[in-house]
Amino acid sequence: MITRYGASRDELQNLLLNEPRYRVDQVWKGLYTELNAPEDMTALPKALRAQLVDILPNSLTLVEEVISDDDTTIKFLWQLDGGSRIETVLMIYPDRATVCVSTQAGCAMACGFCATGQAGFTRHLTTGEIVEQVVRASQRAKAMDRRVSNVVYMGMGEPLANEEPVWESIVRLHEDVGLSARHLTVSTVGIIPGINRLASRPLPVNLAVSLHAANDNLRDALVPINRRYPIKALMEACNGFLESKNRRLTFEWALIDGVNDRPSDAIELAQICRSFRVPAHVNLIPLNPTPGYEVRGSSRNQVQAFCDQLVGMGANATIRRNRGTDIAAACGQLAAGQPVQISRSK
Ligand code: SAH
């Protein structure tokens, strides 16, 4: 099925065969530069606008919009074709506006501390479904007189397990929506072949790796894919990415009380960070609560102490402000209202 943000330019051209040629440009510009729905494309004749509404349907149906943090964090719950649900988060900061997009309905990576992992995998998203999340969030931002500047692939799903649609969406956001590749960040649990391919693709996007543990024993337990792609090999892939892209490498580290917030964890992590020519940056965040994981996040003091210890050892670390915890829009809390299994043993 052809959808509004799934249609390629050629497909659009085919849909508009009976129209003057310049219509394709007008519609494309309307969709991507002006972020307009067809009914609002005033440059087009009325009949064509109405026709476009039918032949270019949206692929996301808004189920619910939830707002928090003084109207600066907005979570969208969407229903997809086929009935599955996903979430998108818009975060407004004084100097930028960031959209956090989902790449899959659910996730197969099974990280026990993540609500999406607890819910399991449903299906991959298409390019159009990913791009439309950004466009719809941008339309919302526009209504607040703000422009989306950054996109992070940190919503539901594993981007590098859905590589082609994710890459095509990056190209679309860069070429047609006009976002700088430097303001696009792909976050991965650490899928090495995907990181290698990302390194060889043309656009210089940022890479974030959800590390959470700096030794294989602990990481095997927290992030199961580590058994296939262990830390040493993962760091080699990260290094390859840095060498070819000259972009920022960030490690995500959700601090879990008594699990990965000990002085020994900081020592191991600092060592890894310093092993790169340009030291990796660590984003620290206290683990957000999810229904299926009992251990809680580290206390505020512990997070600060861990950060200080890292910085003291020459690592580059910051504590990330936690947005949207009260509306379950924060990191690891996106589950799109799916029932979350409490016991994961089978
Ligand atoms: N699958 C990709 C994209 C998701 S990004 C990835 O793993 O990178 C979502 C981020 O939130 C990841 O860094 C993930 O490890 C982190 N996260 C998951 N559960 C969390 C939780 N309960 N609290 C804080 N961060 C969490």
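Residues numbered from 1 in each chain as written. Predicted model: local features only at pLDDT ≥ 70, side-chain atom pairs only at ≥ 80, totals over all residues. Heavy atoms only, no water.

Undergrad: Hey, could you run me through the sheet that holds strand β9 (residues 206-210) in this one?
TA: Strand pairs in the sheet, formed through backbone hydrogen bonds, run parallel or antiparallel to each other. Here 10 strands make up an open sheet; going across it, the order is β1-β2-β3-β4-β7-β8-β9-β10-β11-β12 and the pairing mixed. Looking at strand neighbours, the two that pair on one side only are β1 (60-68) and β12 (316-319), the edges of this open sheet. For this sheet the average axis-to-axis angle between neighbouring strands, irrespective of direction, equals 20°. Here three bridges tie strand β7 (residues 150-153) to strand β8 (residues 184-188), and the two strands are oriented parallel to one another. The residue of β8 that forms the bridge with valine 152 is threonine 185. (Pairing = 2+ DSSP bridges. Helix = DSSP H or I, 4+ residues; strand = E, 2+ residues; numbered from the N terminus. Axes fitted to C-alpha atoms, helices over the stretch in contact; angles between N-to-C directions.)

Undergrad: What exactly am I supposed to notice about the packing of aromatic side chains here?
TA: Here the distance between the centres and the angle between the planes together describe a pair of aromatic rings. Counting across every chain of the model gives six aromatic pairs. Residues tyrosine 5 and tyrosine 32 carry aromatic rings whose centres are separated by 5.2 Å and whose planes lie at 90° to one another, so their mutual orientation is edge-to-face. Taken together, the positions of tyrosine 5 in the segment before α1 (9-15) and tyrosine 32 in helix α2 (residues 22-32) put the pair 27 residues apart, joining distant regions of the chain. Overall, the relative accessible area of 2% leaves tyrosine 5 in the buried class. A residue is classified by how much of its surface remains accessible, and tyrosine 32, at 1% relative accessible area, is buried. Seen from their ring centres, phenylalanine 76 and tryptophan 78 are 5.3 Å apart, and the 5° between their planes marks the pair as stacked. (Phe/Tyr/Trp six-rings, centres within 6.5 Å; stacked < 30°, edge-to-face > 60°. Buried < 20%, exposed > 50% of the residue type's maximum accessible area, 1.4 Å probe, protein only.)

Undergrad: What should I look at first to understand the domain arrangement of the protein chain in this one?
TA: How large an interface is tends to be reported as the accessible area lost when its parts come together. We note that the domain assignment places domain 1 (9-55) and domain 2 (61-327) within the protein chain. Computed from C-alpha coordinates alone, the two centres of domain 1 and domain 2 are separated by 34 Å. Together domain 1 and domain 2 conceal approximately 630 Å² of surface at their shared face, both sides included; 55% is due to carbon and sulfur atoms. Looking only at domain 1, the three residues that lose the most surface to domain 2 are Trp28, Tyr32 and Leu35, adding up to 83% of its buried area. For the pair domain 1 and domain 2, the interface holds zero salt bridges. Joining domain 1 to domain 2, the criterion identifies four residue pairs in polar contact (both at pLDDT 80 or more). (Domains from an automatic or database assignment. Buried area = accessible area lost by both parts, 1.4 Å probe. Salt bridge = Lys/Arg side-chain N within 4 Å of Asp/Glu carboxyl O. Polar contact = N/O pair within 3.5 Å; in protein donor to acceptor, adjacent residues only side chain to side chain.)

Undergrad: So what exactly am I meant to see when it comes to the confidence of the model for the protein chain here?
TA: Caution is warranted with low-pLDDT regions, since their predicted coordinates should not be read in detail. Looking at the protein chain as a whole, the pLDDT averages 94, with 97% of positions reaching at least 70. Under a pLDDT of 50 for its full length, residues 340-346 has, in the predicted model, 13 contacts with residues more than four places off or in other chains. (pLDDT = per-residue confidence, 0-100. Contact = heavy atoms within 4.5 Å.)

Undergrad: Explain the site of the ligand here, please?
TA: Around the ligand, a shell composed of 20 residues is seen, among which Phe113, Ser187, Ser210, His212 and Asn288 lie nearest. The separation between a nitrogen atom of the ligand and a polar main-chain atom of cysteine 331 is 3.3 Å. For the ligand, the accessible surface in isolation is 540 Å², of which the surrounding protein chains cover 94%. Elements with a minimum of two residues in the shell around the ligand: β8 and β10 (249-255). Residue classes in the shell around the ligand are distributed as nine nonpolar, nine polar and two charged. (Near = heavy atom within 4 Å. Areas by Shrake-Rupley, 256 points an atom, 1.4 Å probe, with all protein chains shown as cover. Nonpolar A, V, L, I, M, F, W, Y, C, P; charged D, E, K, R; others polar.)

Undergrad: Could you clarify how one ought to interpret the environment of threonine 188 in this entry?
TA: Along the polypeptide, threonine 188 turns up in strand β8. With relative accessibility at 1%, the residue threonine 188 sits in the buried group. Linking threonine 188 and arginine 21, residues 167 residues apart in sequence, is a C-alpha distance of 41 Å. Aside from chain neighbours lying at most four places away, what touches threonine 188 is Glu158, Leu160, Ile195, Leu207, Ala208, Val209 and Ser210. One polar contact links threonine 188 to glutamate 158, side chain to side chain, over a distance of 2.7 Å.

Undergrad: Before we go on, may I ask you to explain unusual backbone geometry in this structure?
TA: Negative phi characterises most residues that are not glycine, and trans characterises most peptide bonds. Backbone geometry places alanine 110, a non-glycine residue, at a positive phi of 60°. Along the chain, alanine 110 falls in the loop between β5 (104-106) and α4 (115-119). With a relative accessible area of 22%, alanine 110 lands in the partly exposed category. Even without being glycine, histidine 212 reaches a positive phi, approximately 65°. Within the element layout of this structure, histidine 212 appears in the loop between β9 and α8 (216-222). Exposure remark for histidine 212: the relative accessible area of 7% places this residue in the buried category.

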